[in-house]
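Coordinate analysis (summary)
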Amino acid sequence: MNVLLTGGAGYIGSHTALALLDNGYNVTVVDNLITGTSNLVPKKANFLLSDISDEQKISKLLKDNKFDVIIHFAAFTKVGESVTFPEKYFENNYDKAKTFLNTCLKFNLNKIIFSSTGSVYGQVNKKNILEKNETNPINPYSKSKLKFEKYLYSLSKEKKLSSIILRYFNVAGADSKLRSGLLTNPDNLIKAICEVALKKREKLIINGNDYDTKDGTTVRDFIHVTDIAEMHLLASKNLNNDFSSKSEIFNCGYGVGYSIKEVVDEMNRILKENIKFEFGPKREGDAEYSVADISKFSNKFKWKPKYNDLNYILKTALEWEKSI
Ligand SMILES: NC(=O)c1ccc[n+]([C@@H]2O[C@H](COP(=O)([O-])OP(=O)(O)OC[C@H]3O[C@@H](n4cnc5c(N)ncnc54)[C@H](O)[C@@H]3O)[C@@H](O)[C@H]2O)c1
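Residues numbered from 1 in each chain as written. Predicted model: local features only at pLDDT ≥ 70, side-chain atom pairs only at ≥ 80, totals over all residues.

This paragraph deals with the overall build of the protein. Along the protein, the regular secondary structure elements total 10 helices and 14 strands. On C-alpha atoms alone, the protein measures out to a radius of gyration of 19 Å, which is about the 20 Å that the 2.2 N^0.38 rule sets for 324 residues. Viewed in the frame of its principal axes, the protein has a C-alpha envelope of about 55 × 40 × 40 Å. Residues classed as buried in the protein amount to 45% of the 324 residues present. When contacts within the protein are restricted to residue pairs at least 6 apart in sequence, those whose partners lie at least 24 apart make up 79%. (Helix = DSSP H or I, 4+ residues; strand = E, 2+ residues; numbered from the N terminus. Rg over C-alpha atoms; globule rule 2.2 N^0.38 Å. Buried ≥ 20, exposed ≤ 12 C-beta atoms within 10 Å, placed from the backbone. Contact = placed C-beta atoms within 7 Å.)

Given below as structure tokens:
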């Protein structure tokens, strides 16, 4: 299978490219390196340095190659930044993505897996979240993602496209062989914890300790990045096998919630010392509890997670952080 993968110089895209290549797929990465790093693009992948909205470059690529499936990761991903610069997020995550997809459609490439986010659900109650739950995104990043989801839906209705929308919860950890990992993202809790553990950062600020949760800190569903990569492998096989002109949404997580404090405690056990942290004010737009119900993906794809273990997630993230 030939996969056109955008954002493959970034964190999740590079892990997915590795998983696809490890399983004998051909992968072509398109990335403009705006937040990505060329070193993360696997050596065995073809690489086109381009913005996804560069119609000339993308058209040439599509004229010269035949792709079966698109996996679209390229986007801006920082919630805090999106609040300050919302237009930047709608431009990159919606307008440019739309231009890119329309270029692909001109070449009859009409199967896409789209990276969306569990944050499209917004504030929810304590129940694990189902795909049919109402969406109520509370920041421009999540709104830009939901807007593109809706665009995919409209194209499916017009029978122009088949898509699988994957709503990831909190992606963390690193490749076990340390071929890739997270390089930058100030919003990523586990990266921040690793930086404090390795004395690259003075202390961790935990935003809020009076939420209505087991210990007052927010609860999240952490999923190892290699499991996320495998979910793309399964989804791309499925999409390649038929053109249903459907748009299907799946949550991607483990369905297990850990509080931020529990994550810190687990890291302390690994380090056998206590990392320095302080409680800070709540952050605007942070959901209290964000845990997926993952039965839809598990049932459809007969998927079982391989790395559903907070200790393993933290250890791989820590090893990666040491290596960079
Ligand atoms: N990291 C998470 O926990 C998480 C959770 C939910 C959803 N997601 C989604 O997963 C996807 C990947 O996230 P990530 O954490 O790997 O981010 P990342 O910043 O590491 O990777 C994004 C990549 O896209 C590239 N890119 C951005 N805009 C581009 C453009 N216009 N043209 C070409 N390349 C462009 C960047 O250079 C980068 O390499 C994103 O769509 C994000 O919204 C991530």
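Here we take up the site of the ligand. With respect to spatial proximity, 26 residues lie near the ligand, and among them Gly7, Gly10, Tyr11, Gly36 and Ala75 are the closest. Residue assignment for the shell around the ligand shows that the elements contributing at least two residues are helix H1 (11–22), helix H4 (86–106), strand E5 (111–117) and strand E7 (170–172). It is H1 that contributes the most residues to the shell around the ligand, three residues altogether. (Near = placed C-beta within 6 Å.)

This next bit is on the domain arrangement of the protein. Each domain of the protein was delimited in the assignment, giving domain 1 (2–172 + 221–252) and domain 2 (189–220 + 256–290 + 309–323). One C-alpha centre belongs to domain 1, the other to domain 2; they are set 27 Å apart. Opposite the 14 residues of domain 1 that make contact, domain 2 presents 14 residues. Listing elements by their share of the side of domain 1 that touches domain 2, those giving two or more residues are E7 and strand E10 (222–224). Looking at side-chain class alone, the side of domain 1 that touches domain 2 contains six nonpolar, six polar and two charged residues. (Domains from an automatic or database assignment. Nonpolar A, V, L, I, M, F, W, Y, C, P; charged D, E, K, R; others polar.)

Extensive coverage of helix H6 (residues 189–197) is indicated by the burial of seven of its nine residues. Considered for burial, the residues of H6 that qualify are Ile190, Lys191, Ala192, Ile193, Cys194, Val196 and Ala197. Of the surrounding secondary structure, the elements contacted by the buried residues of H6 are E7, strand E8 (204–207), helix H8 (260–271) and helix H10 (310–323). A positive backbone phi angle near 60 degrees is found at lysine 199, which sits one or two residues after H6.

For helix H5 (residues 140–157), spanning 18 residues, the distance from its first C-alpha to its last is 26 Å, which sits close to the expected 26 Å at 1.5 Å a residue. Those residues of H5 lying buried are Pro140, Tyr141, Ser142, Lys143, Ser144, Lys145, Leu146, Phe148, Leu152 and Leu155. Along its buried surface, H5 packs onto helix H3 (79–84), H4, E5, strand E6 (162–168) and strand E11 (247–252). Downstream of H5 by one or two residues, lysine 159 has phi in the positive range, about 60 degrees. (Expected span 1.5 Å × (residues − 1).)

Let us now look at the nonpolar core. By size, the foremost hydrophobic cluster in this structure holds 89 residues, and its most contacted members are Ile113, Leu166, Ile193, Ile228, Cys252 and Ala317. Each of domain 1 (2–172 + 221–252) and domain 2 (189–220 + 256–290 + 309–323) contributes no fewer than three residues to this core. When near neighbours in sequence (up to four residues on either side) are disregarded, isoleucine 193 contacts Leu204, Val263, Val264, Met267 and Ile275. (Core = buried A, V, L, I, M, F, W, Y, C linked by C-beta atoms within 7 Å.)

A word on the sheet that holds strand E12 (residues 258–259). A sheet is described by the order of its strands in space; here three strands give the open sequence E12-E9-E14, paired in mixed fashion. Looking at which strands have only one partner, the edges of the open sheet turn out to be E12 and strand E14 (289–290). Sheet topology places strand E9 (residues 219–220) next to E12; two bridges connect them, and they run antiparallel. In the sheet register, valine 219 faces E12, and the bridge partner there is serine 259. (Pairing = 2+ DSSP bridges.)

On to the sheet that holds strand E1 (residues 2–6). Strand pairing in a sheet relies on backbone hydrogen bonds, with the paired strands running either antiparallel or parallel. Strand order in this open sheet of seven strands is E3-E2-E1-E4-E5-E6-E11, and the pairing throughout is parallel. Each edge of the sheet is formed by a strand with only one pairing partner; in this case those strands are strand E3 (46–49) and E11. Strand-to-strand twist of the sheet, defined as the mean angle between neighbouring strand axes without regard to direction, takes the value 20 degrees. Pairing between E1 and strand E4 (residues 69–72): four bridges, direction parallel. What sits directly across from threonine 6, in E4, is histidine 72. (Axes fitted to C-alpha atoms, helices over the stretch in contact; angles between N-to-C directions.)

Tracing the chain through its elements places glutamate 230 in helix H7 (residues 225–241). A residue is classified by how many C-beta atoms lie within 10 Å of it, and glutamate 230, with 21 of them, is buried.

Close contact between H1 and H7 brings their axes to 8 Å; oriented N to C, the two are set at 60 degrees. Here H1 lies oblique to H7, going by the angle between them. At the point where H1 passes H7, the crossing takes the right-handed sense. Between H1 and H7, the contacting residues are Tyr11, Ile12, His15, Thr16, Leu18, Ala19 and Leu20 on the first element and Val225, Thr226, Ile228, Ala229, Glu230, His232 and Leu233 on the second. Looking at the contact of H1 with H7 residue by residue, the classes come out as nine nonpolar, four polar and one charged. (Parallel < 35°, antiparallel > 145°, perpendicular 65-115°, else oblique. Left-handed = near helix turned anticlockwise from the far one by under 90°.)

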